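One-letter residues, chain by chain:
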Amino acid sequence: MFGYYLDLAWRSLKRTPILTSLMVLAIGLGIGACITTLTVLHLLSGDPIPGKSAQLFYPQVMPDTRSKTEPEIGFTYTDATNLLREHRADRQAIVVSNNIKVFGPQAGARPMSLSTVATTTDFFPMFDVPFRYGAGWTPTEDGNRARVAVISQELNDKLFGGGNSIGRNIRLDKWDFRIVGVLQHWQPQPRYYDLYGHGAFASGDSVFIPFSTSRDLADLGIEGNALDCWEQLTDQVHLENQPCLWLQYWVELDTPAKVSAYRDYLVSYSEQQKALGRFQFNGKPLTGLHDLMDWLGYLQVVPSDVRLQTWVAFGFLLVCLINTVGLLLAKFLRRSGEIGVRRALGASRRAVFAQMLTEAALVGVAGGMLGLLLALTGLWAVRRSPTDYAALAHLDLRMFLVTFALSIAASLVAGLLPAWRACQIPPALQLKSH
Amino acid sequence: MELLPILSSLRRHKLAAGLLMLEIAVACAILCNAVFMIRQRLSEMQVHTGLAESELVWLKTDGVSGADATPVTESNLAALRGIPGVKSAVVVASLPLSNDDMNFNPSMDADGKHRGPNMELMVGSPGYLHALGIKLVEGHDFSADDYAGVDTWLPHSPSMIVTRAVAERLWPGQSALGQAFWIGTKRYQVIGVVDHMVRGELRGNASEYTALFAARPSAELSSLYVLRADPSALDRVLRDAAAKLAALNPQMLINDKGTYPGLRGNYFASDRAMAWLLATVCTALLIVTALGIGGLASFWVAQRRRQIGIRRAIGATRGDILRYFQTENFLIVSGGIGLGMVLAYTINLALMSHYELPRLPLAYFPVGALALWLLGQLAVLGPALRASHVPPVVATRSV
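Computed from a predicted structure; not experimentally measured.

## With respect to the overall build of chain A
Part 1: For chain A, the helix and strand inventory stands at 14 helices and 12 strands.
Part 2: Taken along the three principal axes of its C-alpha coordinates, chain A extends 100 × 60 × 35 Å.
Part 3: Residues counted as buried form 44% of the 434 residues belonging to chain A.
Part 4: Restricting the contact set of chain A to residue pairs at least 6 apart, pairs at least 24 apart contribute 77%.

See below:
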């Protein structure tokens, strides 16, 4: 039966080429706009570390004395190192990064400015960072302020031609570091582990060194991009005792029980710091513990413009749909005579309804194809735009399927009312008037 | 023109007319808000930075650390001034709209009890006001002695210059000259007021809360070079300057460089993209709506050929028929606009709470209405003309 309906639909659409192309154009434009914006939204709000994101948490405490209603994002040196030392989570890491001057092994070459992360040993297992050669540094090397470094695959390709460079040196500013690990390509988007003061969709990091070493060599200047001080600072190189927020701190908590224990721990830590005179608050301390996806939402990683664009696109699709409803209605009712004959020859209302919806769905498929072309064009335009996520904008298989699903669903919704009206046509009246 | 026959005929096409009205309403609501947002973005992009923008190029380096920062940076500046076409060269802490700034809250009294609003700390090397093209409107520029050292970014010289926005915010109704505030325990006194100088990023009403200070180049003040040059030679000057800095300082990194118009363009890139996107959607919306109106009108004309023929046969002129369809369209569009205004206002309320957008000005409603009436009339003109050409003889032909 479906095949017959398809045949009928095809004949009917061919009979009114202008009306049909108007409908296909309307659906196609609406779908194209929606898929373009949805793809961008989907890419930007995706999970950067699926399977693990529910165990990664960002804690917050509030050490400063400005009156605030939200706990802070950044950490002071004191709080970050206190939490690290007390080691209450399954894994924990301090993270801070900057672009610094890096020299390759070739003498006389000009330096490069490379994004360098100062962190602690748990960083690599905690964020599932893949290694090509070697491994991260050990807790002992963290403690010894060892001059060791992990470099990215891309930097290894550039400096060492992709070979095993374990044991070789690179120079960061004035100091030599021994390479202990080379990563496999690793460039999660958003760059979730280091969002404080950095763009969310920055390109990857090239060098990783122990946080303790970066403090030992404070002149390297790895102090993030969002130095936030609540009192006048007295030394901008040695930030250990300055009243400033500048570090990030991540923990891995594997069970819900550990999560709630860690919440309590953050409260008791704040109270203990109050007793020491460091924190000031009345009543309960302000603390926070967000899991990764929650944290991305909290920091509004998805630009509000992208959400707005999605709303605009869906508003546009709505107009296109109403338009299509009107045109389908006109088209179906124009065929009252034909429908009356079919009804008189024994077709049930359901059969007429199904036939009309098949016709609507066929418009949807055609609209979907046009929409796909428009979405590809739209994404091409996004890729050429100057936003930091531009390079990410590609249509994946999922969005490809969503395009057709959305398009057919939209055309079926648009077809419901006209099809219902069409199947209400009484057979007798139509036969009489002819 | 009789309205009653049109209304009674519309009552027989409630569903189709209602759909058209709804389409126009949603289109009207989206159009009003989208055009409003476009204008918002465009007006933000008009911001006056206070600089001689078309004459500036900048180079962001990794700076010079240690004790020789002052002589090295000064000799770099001297070399840059030697490039043909360069009028002046300075180092500054940050540039307006560079997305990079240093902010502080001043204390309005010596013991720090009363805090002023958050503002930007702008520092520059000798002659930077003149080099950037910032206009003084009161008082005088820094003297040569003011360009002294800094202590973790706090200039030693007690002289400062503020923008008119700061002066009006902190000392309303009085002259700002001679007034003072404190940063930490250090006291700074106003010696001049400048017209405009926006911050590293726009912050609504506080976009021009900038205090300007003087310092000689130092480890802190050694990374951002700004050159004022002949506007026609900016690209060449930029290339020469980068080459010169690289030649003089083999270990120096030039992290970024560009012309000031380029930097400004970057700052507003996403606003421009958004404005384009909204404009594209508006155009598509207008086209789809017009096609919808035209499509439905054609259908109605085809459906009513016989009635039109009868009307013509009993004396209606072509003009009558034309006006009939035009009036019908006007009524439907008016209904859509009425509903659309309510919808536009509702959407605006939602945008105001989620996207910090101001209220939609009332002027948008009549303009939007006019635009849609015009669109409707244009879209219906073709089918209506076709209707008016239906010959009276159609009435006599039976189906």
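## Re the overall build of chain B
Part 1: Assigned secondary structure in chain B consists of 11 helices and 13 strands.
Part 2: Radius of gyration (C-alpha) of chain B: 32 Å, far over the 21 Å computed for a compact globule of 399 residues.
Part 3: Seen along its three principal axes, the alpha-carbon backbone of chain B occupies a region of about 105 × 50 × 30 Å.
Part 4: Counting all 399 residues of chain B, 43% fall into the buried class.
Part 5: Within chain B, counting contacts between residues at least 6 apart in sequence, those at least 24 apart form 82% of the total.

## Focus on the interface of chain A and chain B
Part 1: Counting residues at the interface gives 37 residues for chain A, matched by 36 residues for chain B.
Part 2: Among the elements of the structure, α2 (17-44), β2 (91-103) and α10 (304-334) of chain A are those that each provide at least two residues to the side of chain A that touches chain B.
Part 3: Per element, the largest residue contribution to the side of chain A that touches chain B is 18 residues, and it comes from α10(A).
Part 4: Taken together, the residues that form the side of chain A that touches chain B break down as 19 nonpolar, 12 polar and 6 charged.

## Comments concerning the domain arrangement of chain B
Part 1: Per the domain assignment, the segments making up chain B are domain 1 (4-46 + 269-396) and domain 2 (63-252).
Part 2: Once you take the C-alpha centre of each, domain 1 of chain B and domain 2 of chain B turn out to be 55 Å apart.

## Looking at α2(A)
Part 1: Helix length check: α2(A) (28 residues) gives 40 Å between terminal C-alpha atoms against 40 Å at 1.5 Å per residue, within 8%.
Part 2: Most of α2(A) sits out of view: 22 of its 28 residues are buried.

## Some remarks on the confidence of the model for chain B
Part 1: Per-residue confidence for chain B averages 91 on the pLDDT scale, and 99% of its residues sit at or above 70.
Part 2: Interface confidence for the predicted complex, expressed as ipTM, amounts to 0.84; the pTM equals 0.84.

## A closer look at the pairing of strand β11 (residues 210-214) of chain B
All names here are of chain B.
Part 1: Taking burial as the measure, the 5 residues of β11 include 5 buried ones, the bulk of the element.
Part 2: Pairing analysis gives 5 bridges linking strand β4 (residues 119-124) to β11, with the strands arranged parallel. Pairing of glutamate 120 across the sheet is with threonine 210, part of β11.
Part 3: Inspection of the sheet shows strand β8 (residues 159-163) paired to β11 by 3 bridges, in the antiparallel sense. In the strand pairing of β11, isoleucine 161 is matched with leucine 212.

## What to know about the domain arrangement of chain A
Part 1: What the domain assignment reports for chain A is domain 1 (2-45 + 303-433) and domain 2 (53-298).
Part 2: When each unit is reduced to the centre of its C-alpha atoms, the spacing between domain 1 of chain A and domain 2 of chain A is 50 Å.

## Focus: the nonpolar core
Part 1: Formed by 172 residues in total, the largest nonpolar core has its most connected members in Ala149(A), Phe316(A) and Cys28(B).
Part 2: Excluding anything up to four places from it in sequence, Cys28(B) contacts Gly336(B), Ile337(B), Gly340(B), Ala344(B), Gly368(B) and Leu372(B).
Part 3: Ranked by size, the runner-up nonpolar core spans 62 residues in total, among them Leu51(B), Leu97(B), Met122(B) and Leu212(B).

## Considering the packing of helix α12 (residues 349-383) of chain A against helix α13 (residues 397-423) of chain A
Residue and element names in this part refer to chain A.
Part 1: It is the contact of α12 with α13, at a shortest axis distance of 7 Å, that shows an interaxial angle of 150°. Here the hand of the crossing between α12 and α13 comes out right-handed.
Part 2: Looking at the contact of α12 with α13, its residues break down into 20 nonpolar, 8 polar and 1 charged.

## As for the packing of helix α10 (residues 318-355) of chain B against helix α11 (residues 364-388) of chain B
Residue and element names in this part refer to chain B.
Part 1: Their axes nearest at 8 Å, the elements α10 and α11 cross at an angle of 150°. Taken as axis vectors, α10 and α11 run roughly antiparallel relative to one another. Considering the relative orientation of α10 and α11, their crossing is right-handed. Each of Arg318, Ile321, Leu322, Phe325, Gln326, Asn329, Phe330, Val333, Ile337 and Met341 in α10 lies in contact with α11, whose residues at this interface are Phe365, Ala369, Leu372, Trp373, Gly376, Gln377, Val380, Pro383, Ala384, Leu385, Ala387 and Ser388.
Part 2: Grouping the amino acids of the contact of α10 with α11 by side-chain chemistry returns 16 nonpolar, 5 polar and 1 charged.

## Structural notes on the environment of Ile73(A)
All names here are of chain A.
Part 1: Mapped onto the fold, isoleucine 73 is located in the loop between β1 (56-60) and α3 (77-86).
Part 2: Here the alpha-carbon distance between isoleucine 73 and proline 59, two residues 14 residues apart in the chain, equals 8.5 Å.
Part 3: The contacts of isoleucine 73, once residues within four sequence positions are left out, are Gln60 and Tyr196.

## Considering the pairing of strand β3 (residues 112-119) of chain A
Residues in a regular strand point their side chains to alternate faces of the sheet.
All names here are of chain A.
Part 1: Burial analysis of β3 places 6 of its 8 residues in the buried class, the great majority of the element.
Part 2: Inspection of the sheet shows β2 paired to β3 by 8 bridges, in the antiparallel sense. Bridge pairing links valine 96 to alanine 118 in β3.

## Observations regarding unusual backbone geometry
Part 1: Of note, the amide linkage connecting Gln189(A) to Pro190(A) takes the cis form, showing an omega dihedral of -5°.
Part 2: Locating Pro190(A) in the fold gives a position in the loop between β7 (175-183) and β8 (207-210).
Part 3: Unusually for a residue other than glycine, Leu97(B) sits at a positive phi of about 65°.
Part 4: Inspection of the secondary structure puts Leu97(B) in the loop between β2 (86-92) and β3 (103-104).

## Let's talk about the environment of Pro285(A)
All names here are of chain A.
Part 1: Looking at where proline 285 falls in the secondary structure, it is placed in the loop between α8 (256-275) and β12 (288-291).
Part 2: Separated by 121 residues in sequence, proline 285 and leucine 406 have C-alpha atoms that sit 48 Å apart.
Part 3: Contacts of proline 285, omitting those with residues within four sequence positions, involve Met62, Val267, Ser270, Glu271 and Phe279.

## Digging into the environment of Leu321(A)
All names here are of chain A.
Part 1: Among the structural elements, leucine 321 can be located in helix α10.
Part 2: By the C-beta count within 10 Å, which is 19 here, leucine 321 ends up partly exposed.
Part 3: Ignoring any residue separated from it by four or fewer positions in sequence, one finds leucine 321 in contact with Gly30, Ala410, Val413 and Ala414.

Cut-offs applied
Residues numbered from 1 in each chain as written. Chains lettered and ligands numbered in written order. Predicted model: local features only at pLDDT ≥ 70, side-chain atom pairs only at ≥ 80, totals over all residues. Helix = DSSP H or I, 4+ residues; strand = E, 2+ residues; numbered from the N terminus. Buried ≥ 20, exposed ≤ 12 C-beta atoms within 10 Å, placed from the backbone. Contact = placed C-beta atoms within 7 Å. Rg over C-alpha atoms; globule rule 2.2 N^0.38 Å. Nonpolar A, V, L, I, M, F, W, Y, C, P; charged D, E, K, R; others polar. Domains from an automatic or database assignment. Expected span 1.5 Å × (residues − 1). pLDDT = per-residue confidence, 0-100. Pairing = 2+ DSSP bridges. Core = buried A, V, L, I, M, F, W, Y, C linked by C-beta atoms within 7 Å. Axes fitted to C-alpha atoms, helices over the stretch in contact; angles between N-to-C directions. Left-handed = near helix turned anticlockwise from the far one by under 90°. Parallel < 35°, antiparallel > 145°, perpendicular 65-115°, else oblique.

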